[in-house]
Amino acid sequence: MRSWFTLHKNKPQEIIAIDIGTASVSAALAHINTSGFIEIISVLRYPFDLLGDFTRSDRQKKVIYMLKNSIAKAFSDMHHISSSTNSIRISFADPFFEEREIETIINRHDATKTITEKEINMALVDTKGWIVLNSLNKSDGYDVLVNIVRKVTQLRVNGYIVSDAVGYRGDTLEIRVHELSISSVLRDCIIEQQDKFYPHSFLQYYSDVYLLRRAIFEKKINHMPILVIDIGGEVTTLFVLKDFDIIQKCAPIFFGLRTLERRIAAFLKIDRTHAESIVRQYADGTLDEALKKKIESLLGAFLEDWYAGLRASLKNALVRPAIVQVMVVGSGKETSSFIKYLDLNIKEFSREELNIKTSAFSVETDLFLPQQSLSEGGDSILASLILYG
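My aim in this report is to walk through the structure given alongside it, one point at a time. (Residues numbered from 1 in each chain as written. Predicted model: local features only at pLDDT ≥ 70, side-chain atom pairs only at ≥ 80, totals over all residues. Heavy atoms only, no water.)

As a further point, take the overall build of the protein chain. When you go through the protein chain residue by residue, the secondary structure sums to 10 helices and 16 strands. When each of the 389 residues of the protein chain is scored for burial, the buried share is 50%. Excluding contacts between residues fewer than 6 apart, the proportion of contacts in the protein chain whose partners are at least 24 apart in sequence is 71%. Total accessible area on the protein chain is roughly 19,300 Å²; 51% of this is exposed by carbon and sulfur atoms. (Helix = DSSP H or I, 4+ residues; strand = E, 2+ residues; numbered from the N terminus. Buried < 20%, exposed > 50% of the residue type's maximum accessible area, 1.4 Å probe, protein only. Contact = heavy atoms within 4.5 Å. Areas by Shrake-Rupley, 256 points an atom, 1.4 Å probe, with all protein chains shown as cover.)

Here it is as structure tokens:
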């Protein structure tokens with residue numbers, strides 16, 4: 001397989017990367033020069049409170065408004081910086097997408113006729129009723145979502161895998177497809193902004209899970225299975241990477257870094273911004289001793305709730321005790337408390353003889369100028385969109 005550097009060298013282009021998360025929409029503008037290095041021109045962030053102080057009845061409307069407003073600002077502000085971007089790459093955090101692997105077996109009427117591209121494309125028009133092999137979310141409301149990515153991942157003719165089924169003859173044609181779907185409101189908002197500011201750009205969609213898998217692949221990490229834990233603002237996403245093609249997906253946990261800060265704020269009767277500052281100071285080791293002991297006690301109680309959700313998710317997904325390493329993706333030092341708690345408890349999902357280690361994961365940024373532009377853990381998705389999209 002060719003490396004990313006080989007694919008992009010001598011192809012100068014501008015890219016807008018947008019990460020739609022559960023605590024903010026983040027955007028980066030990057031220019032790839034002819035030598036393959038990437039200049040990060042601008043990084044913008046649009047925080048919002050997904051679980052703000054509003055009633056359950058208007059929560060959905062408020063969330064949609066915050067997302068649409070943040071996405072619109074990202075497009076508008078990027079257009080003020082550059083109007084010539086030719087590539088826009090967007091990624092979605094859980095729970096803003098549904099991702100699944102599906103399959104169908106077609107019993108062909110005439111096995112003597114060669115399979116055509118038209119025959120395959122006709123089968124892909126409507127995938128309702130296909131067998132669901134693996135779904136990240138398993139949402140009951142999948143039918144109300146709109147498909148934004150439909151990619152053929154495997155073809156079989158008479159049970160034999162082929163790289164391209166066109167030209168083959170056979171009784172059966174099996175098609176396996178990867179699908180990514182989002183709400184129509186979110187899709188329409190993105191298309192509206194693209195048409196308004198970058199009508200001639202090429203738009204691509206990804207899930208955070210896909211990008212993290214690709215980033216791990218690029219690091220050539222061979223010891224598997226790996227448990228990947230992506231700690232977002234309000235949601236923690238889990239999946240087990242068994243090899244680079246097989247993912248065991250688990251239910252998300254509705255508890256993230258922002259959730260932790262909000263709980264600390266409520267307990268200490270302070271605002272969330274102050275709680276965020278305290279969590280950072282604790283991670284940096286700059287809290288005074290009295291407050292440090294108090295925070296440690298709170299963190300222990302709150303992280304126990306978080307781990308209970310994680311444990312239930314892994315057990316419900318029937319994850320066996322075979323994990324050899326754990327990778328945590330998140331906002332830099334602030335995830336250190338989660339990592340420490342994992343080190344004390346995660347051994348129940350590994351083999352007894354292994355000294356399983358939990359480590360923070362970040363994307364290699366050697367090609368970026370300046371090199372530390374997107375080096376924080378929370379920027380792994382933006383960096384991956386630019387490097388591997």
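Looking now at the sheet that holds strand β10 (residues 202-207). Here six strands make up an open sheet; going across it, the order is β10-β4-β1-β2-β3-β16 and the pairing mixed. The open sheet has two free edges, formed respectively by β10 and β16 (368-369), since each of these has just one partner strand. Pairing of strand β3 (residues 38-47) with β16, which is carried by two bridges, proceeds in the parallel orientation. Considered in β16, the bridge of Ile38 is made with Phe368. Its contacts with the sheet place helix α5 (residues 208-218) against β1 (13-20), β4 (87-92) and β10, and it is angled at close to 85° to β10. (Pairing = 2+ DSSP bridges. Axes fitted to C-alpha atoms, helices over the stretch in contact; angles between N-to-C directions.)

Another aspect to go through is the packing of aromatic side chains. Considering all chains together, one arrives at four aromatic pairs under this definition. Ring centres 5.7 Å apart and planes at 25° place the aromatic pair Tyr206 and Tyr210 in the stacked group. Take Tyr210: its relative accessible area is 22%, and that puts it in the partly exposed class. (Phe/Tyr/Trp six-rings, centres within 6.5 Å; stacked < 30°, edge-to-face > 60°.)

Before going further, it helps to spend a moment on the pattern of salt bridges. In total, this model carries 14 salt bridges according to the counting rule given. Across the pair Arg100 and Glu179 runs a salt bridge whose closest N-O atoms are separated by 3.2 Å. Pair noted here: Arg100 is in strand β5 (residues 98-107) and Glu179 is in strand β9 (residues 172-182), with a separation of 79 residues, a long-range link. Where Glu348 meets Arg311, a salt bridge forms, and the shortest distance between an N and an O atom there is 2.9 Å. (Salt bridge = Lys/Arg side-chain N within 4 Å of Asp/Glu carboxyl O.)

Soluble globular proteins tend to pack their nonpolar side chains together in the buried interior. Of all hydrophobic cores here, the largest spans 67 residues; its most connected members are Ile20, Ile90, Phe92, Ile190, Tyr205 and Ile386. For Tyr205, the residues in contact, after removing those within four places along its chain, are Ile90, Phe92, Ile148, Val149, Leu180, Ile190 and Ile191. Within the second largest apolar cluster, 39 residues are counted, among which are Cys250, Phe255, Leu287 and Val326. (Core = buried A, V, L, I, M, F, W, Y, C linked by side-chain atoms within 4.5 Å.)

Structurally, the position occupied by Thr236 is in strand β12 (residues 236-241). For Thr236, the side chain forms a polar contact with the main-chain oxygen of Phe255, separated by 2.6 Å. For Thr236, the residues in contact, after removing those within four places along its chain, are Ile229, Asp230, Ile231, Pro252, Ile253, Phe255, Gly256 and Trp306. (Polar contact = N/O pair within 3.5 Å; in protein donor to acceptor, adjacent residues only side chain to side chain.)

Let's shift gears to unusual backbone geometry. Most peptide bonds take the trans form, and the phi angle of most residues other than glycine is negative. For the bond running from Met224 to Pro225, omega is 5°, close enough to zero to count as cis. Inspection of the secondary structure assignment puts Pro225 in the loop between α5 and β11 (226-231). Geometrically, the link from Leu369 to Pro370 is a cis peptide bond, its omega value of -5° lying close to zero. On the secondary structure map, Pro370 appears in the loop between β16 and α10 (380-388).

Attention shifts here to the environment of Leu227. Looking at where Leu227 falls in the secondary structure, it is placed in strand β11. For the pair formed by Leu227 and Phe239, sequence separation is 12 residues and the distance between their alpha carbons is 6.0 Å. Those residues in contact with Leu227 that sit more than four places away from it in its chain are Phe239, Val240, Leu314, Ile323, Gln325, Val326, Met327 and Ile346.

On to helix α3 (residues 117-124). Among all positions of α3, only Ile120, Ala123 and Leu124 are buried. Buried residues of α3 fall within an arc of 100° about the axis and therefore sit on the same side. The exposed residues of α3 that point more than 90 degrees off its buried face are Lys118 and Met122. Among the structural elements, β5, β7 (146-157) and β9 are those in contact with the buried residues of α3. (Arc of directions from axis to C-beta.)

The buried count for β10 comes to five of six residues, which makes it a mostly enclosed element. Here β4 runs beside β10; their pairing, made up of six bridges, is parallel. Bridging across to β10, Ser91 finds its partner in Tyr206.

For helix α7 (residues 272-284), which comprises 13 residues, the first-to-last C-alpha distance of 18 Å matches the rise-based estimate of 18 Å (1.5 Å per residue) to within 8%. Those residues of α7 that are buried lie in contact with α6 (257-268), α8 (289-316) and α9 (336-345). The backbone nitrogen of Thr273 lies 3.3 Å from a side-chain oxygen of the residue at the head of α7, namely Asp271. Among the residues trailing α7, Gly285 stands out with phi positive, at a value near 75°. (Expected span 1.5 Å × (residues − 1).)

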